[in-house]
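# Structural features, examined
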Amino acid sequence: MAEEKFSEIGRTEAIERLFDGTGYSPWDGCGFEAGKKGNMIRSASRMLLEGIDFDLTYFPLKHLGYKSVISTVGELYAFLAAPKTLSVTLGISAKLDFKQIKELWEGIRTAASEHRIQKLSLDLTPSQNGLCISVSGTGETDSLTCKRRMPAKSMDLICISDNLGAAFMGMQILEREKRKFDATKDDSKQPELKEYRHLIGAYLKPELNPSIVEQLESAEIIPSYGYFVTKGLSDAVKRLVRDSGLGAKVYVDKIPFPGKMFDLGKEFNIDPISAALNGGDDFRLMFTVPIGKHEKFRRDFQTFDIIGHLARPEAGAVIVTPDGVEFPMKAQGWK
């Protein structure tokens, strides 16, 4: 029998298979009730690897430190948890000196402060394979929020916190400039990237609203499900279908794209829709909101876009074209 590859199975199905028959469920993150108040303590973690998640040729270390924190607190916000603690372990290769690690740490500390981290710890260990950043955090979900969280229903709205595909295109621009430099080795001419500032910024220094949980609670809009979109929209929607037991429909003409996306798509021969669905590194929050909160959500959370809705289970996870044709979503990964 031919060996199966991760590029054929896909990340979501691979995780489901590894959990199958273990007695555990493939939930992203863990949680437990804390104390008499009934608040839930949530945990999240992320590992970033040099050569896979970042390239130090063009990635400023301070931005990298900042992004590594966002990669974890975003998962907590998806749980409607306020971040409390953060533990960081750095695997350091011989090519990095103390000054560079201090710059990386400055980015970590800045993000931790912005997102109201109360306790921050750090450990250092040597690495033979480049820089490795491991971040784990805990957050707390208020007991009243837990009680208000209703089961998901068909027609609940699928909402995304910002445009999609920007980070992937930003990375493509940086990779193009790197190839130019590798070909000439001439560092006297710096690339002119001002017109792509938003796209590059989405990749190098993604930002999240530190008050998003408080704002949702204050508006009494409690999502039935929340996900941190880091590996493409398809990956998040497939997880939503898995966890809710419902179907999900996302409409192509409702997906928000950044400016210059389609022009760059032609230049790089990349379909912007594919970049949004599978590109990854967008660092967006995706929530399912009760249909009854539609008007209030649109009024109070104008940075979010409504891109689809939950559906009957037999629908599965599908993308719907403007002419109404439905295609099943795929979230392969590792290609």
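Structure report, in brief. What you see is a predicted model, and the numbers here were worked out from it, not measured in a lab.

What counts and what doesn't
Residues numbered from 1 in each chain as written. Predicted model: local features only at pLDDT ≥ 70, side-chain atom pairs only at ≥ 80, totals over all residues. Heavy atoms only, no water. Helix = DSSP H or I, 4+ residues; strand = E, 2+ residues; numbered from the N terminus. Buried < 20%, exposed > 50% of the residue type's maximum accessible area, 1.4 Å probe, protein only. Polar contact = N/O pair within 3.5 Å; in protein donor to acceptor, adjacent residues only side chain to side chain. Pairing = 2+ DSSP bridges. Axes fitted to C-alpha atoms, helices over the stretch in contact; angles between N-to-C directions. Contact = heavy atoms within 4.5 Å. Patch = residues over 30% accessible without salt bridge, like charges linked within 9 Å, V, L, I, M, F, W, Y side chains within 5 Å. Areas by Shrake-Rupley, 256 points an atom, 1.4 Å probe, with all protein chains shown as cover. Salt bridge = Lys/Arg side-chain N within 4 Å of Asp/Glu carboxyl O. Core = buried A, V, L, I, M, F, W, Y, C linked by side-chain atoms within 4.5 Å.

By secondary structure assignment, the location of N39 is in strand 2 (residues 39-49). With relative accessibility at 9%, the residue N39 sits in the buried group. In this structure the side chain of N39 is engaged in a polar contact, spanning 2.8 Å, whose partner is the side chain of E140. A distance of 2.9 Å separates a polar side-chain atom of N39 from the backbone nitrogen of S143.

Quick look at the sheet that holds strand 8 (residues 247-251) now. The mixed open sheet is built from 7 strands, whose spatial order is 7-9-6-10-8-11-12. Looking at strand neighbours, the two that pair on one side only are strand 7 (225-229) and strand 12 (326-328), the edges of this open sheet. Strand-to-strand twist of the sheet, defined as the mean angle between neighbouring strand axes without regard to direction, takes the value 25°. Sheet topology places strand 8 next to strand 10 (residues 305-311); 4 bridges connect them, and they run antiparallel. Each bridged residue has a counterpart across the sheet, and for K249 the counterpart in strand 10 is H309. On the sheet, helix 9 (residues 233-244) packs against strand 6 (157-160), strand 7, strand 8, strand 9 (284-289), strand 10 and strand 11 (317-320) and is oriented at approximately 155° with respect to strand 7.

Taken together, the side chains of M47, L49 and I52 present a nonpolar region at the surface, about 310 Å² in accessible area. With respect to the helices and strands, the residue M47 is situated in strand 2. Relative accessible area serves as the criterion here: at 48%, M47 is assigned to the partly exposed category.

Counting buried residues in strand 8 gives 4 out of 5 residues, a clear majority hidden from the surface. Bridge analysis of strand 8 against strand 11 gives 4 bridges, and the strand direction is parallel. Within strand 11, the position partnered with V250 by the bridge is I319.

Nonpolar side chains tend to gather and get buried jointly when the protein is soluble and globular. The biggest cluster of nonpolar side chains holds 61 residues, and the ones touching the most others in it are L104, I133 and I212. Top element by residues in this core is helix 3 (residues 61-78). It accounts for 8 residues. When residues no more than four places from it in sequence are discounted, the contact partners of I133 are R46, M47, L48, F54, L64, S68, T89, L90 and L104.

Moving on to the pattern of salt bridges. Taken as a whole, this structure holds 19 salt bridges when the rule is applied. A salt bridge links E214 to R116; the nearest nitrogen and oxygen atoms lie 2.6 Å apart. One end of the pair, E214, is in helix 8 (residues 212-219); the other, R116, is in the loop between helix 4 (98-114) and strand 4 (119-126), with 98 residues separating them in the sequence. The class for E214 is partly exposed, based on a relative accessible area of 45%. One salt bridge in this structure joins E314 and R312, with 3.6 Å as the shortest N-O distance.

Nothing here speaks to function; it is all geometry.
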